Amino acid sequence: MSTLPQKESRAPATCPGSASTQDLDSNYGDGLERECSRKPDRKVSEFCGVGDPTAMLSSDSSYLSSRGGVIKWFWDSAEEGYRTYHTDEYDEDKNPSGIINLGTSENKLCFDLLSSRLSQSDMLRVEPALLQYPDWRGHRFLREEVARFLSFYCKSPTPLKPENVVVLNGCASLFSALATVLCEVGEAFLIPAPYYGAITQHVYLYGNVRLVCVYLDSEVTGLDTRPFQLTVERLEMALQRANSEGVKVKGLILINPHNPLGDIYSPGELRNYLEFAKRHELHVMVDEVYMLSVFEKSAAYCSVLSLEGLPDPQRTHVMWATSKDFGMSGLRFGTLYTENRDVATAVASLCRYHGLSGLVQYQMAQLLRDRDWINQVYLPENHARLKAAHTYVAGELQALGIPFLSRGAGFFIWVDLRKFLPEATFKEEMLLWRRFLDNKVLLSCGKTFECKEPGWFRLVFSDKAHRLCLGMRRVRQVLGGKSQVAEEPHSCQTREPRSQHR
């Protein structure tokens, strides 16, 4: 990852309750999930917070610039696992011995609900304005619906304003655009690690912006602490370290709910992080892409937009998309909310390269305004199916005596497989990841998320019962030392989705 130089990691800290999966569980997920296949001799982690990656990597093609060579290298070094999966995808009828994908954070549980809603007659409309160049911020009718939608679901104390909304094709483009307009070349964002690894490419490939990791660990130091907990003290230390290395930090990235940890920041924690950023005049980019995927009723979620009086509203920028909460990762819709009109205008200018078609904008407006369907049909059923799938996978991990973290949000469980590594090294983590792939199950290893402790894996559970059951059977085989590929089991005790309400 593009991080500051770091000392050799110490031996993994013991996570209290590691002998008891239940202890960890009671206290508490796209493109680059397949990064675990990186070539060991040229790791992205060599891209430190200072220096130019193009100086370290020369293009192996005479047709590419040095920048093009780096971009190609990112693709080549990160795609092996995913390419392998796509050449041997599991299919219940055509390829039952194919690879089960428990690595990509997608919600595959509600296609029936979505296909029914998106196929209704009110979703299809063709008129001249939808086929012509739009306002690059997005059509006014869509930005009005986004403002109303976020005001309601983020529980904003005052109505959000359409003029502060920009829409574009996904959060990946948002990260790229914000990095480009907020930072000079070579500047950096702080980001708590582990984190969703694709952000490295999002901020670097266009903007040449780096990431400075705020490294978290699994060690619990008191009754009021939790594994991988982000504190202001850790933020201050990372910022000081960056300054001492001559790296100018321009902002902080927060993911809430968190990917891959599943953590949900409390209102007090959010305010503390925002106050820290204000003291140092840092922008804060808040990724809330899983905000409606909190399926445990006891897990209280708080959007940053719900806070009364943001410490620095001109430097607070919130992003959301339909890719996770509505299971539409292939549709590509994302939105930015910022009170800083200069930032909104600059990002909107880049939307000419990342815009949505008028037809898609119309569909999104129709979907977001259908509050009855969202509240009475989609969200209750989606949460029930996520909870059922999570309960099944959590039970399988408990039966195997594997510790894990889970907070009842997102599509994934952060799993502690350190006891299955002969040595606490990322080389051994890679070997375990390859054993999973060889046995036809794709997971995401901790190095993908810049976790400093070897042996943590992210396991995605938001899939149909029969695939989850087979995938977990293959996981058991790998961890039990078996090498043969599992056959389709005859039965599975997961809860099948209920019939849709309408």
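Residues numbered from 1 in each chain as written. Predicted model: local features only at pLDDT ≥ 70, side-chain atom pairs only at ≥ 80, totals over all residues. Heavy atoms only, no water.

1. Side note on the sheet that holds strand β10 (residues 412–416)
We apply this condition: When DSSP finds two or more bridges between two strands, those strands count as paired. Numbering goes from the N terminus for both helices and strands, where a helix is a DSSP run of H or I of at least four residues and a strand is a run of E of at least two. The criterion used for residue contact is that any of the two residues' heavy atoms lie within 4.5 Å. Angles here are taken between N-to-C directions and fall from 0 to 180 degrees, while the axes themselves are lines fitted to C-alpha atoms, restricted in helices to the stretch in contact.
An order of β9-β10-β13-β12 is seen for the 4 strands of this open sheet, with the pairing classed as antiparallel. This sheet does not close on itself; its edge strands, each paired only once, are β9 (404–405) and β12 (444–445). Sheet topology note: the β9/β10 ladder contains 2 bridges and is antiparallel. By the bridge assignment for β10, Phe-404 is matched with Val-415. Lying on the sheet, helix α14 (residues 371–399) is in contact with β9, β10 and β13 (456–460); it crosses β10 at an angle near 10°.

2. Some remarks on the sheet that holds strand β8 (residues 334–338)
Taken in spatial order, the 7 strands line up as β2-β8-β7-β6-β5-β3-β4 in an open sheet, and their pairing is mixed. Where the open sheet ends on each side, the last strands, each with one partner, are β2 (165–168) and β4 (210–215). Here the average twist between neighbouring strands, direction ignored, is 25°. Relative to strand β5 (residues 249–255), strand β3 (residues 188–193) runs parallel, the two being bridged by 3 bridges. Paired with Phe-189 across the bridge in β5 is Gly-251. Lying over the sheet, helix α6 (residues 140–153) contacts β2, β7 (316–321) and β8, oriented at roughly 110° with respect to β2. Relative to the sheet, helix α7 (residues 171–182) contacts β2, β3, β5, β6 (283–287), β7 and β8, its axis offset from that of β7 by approximately 160°.

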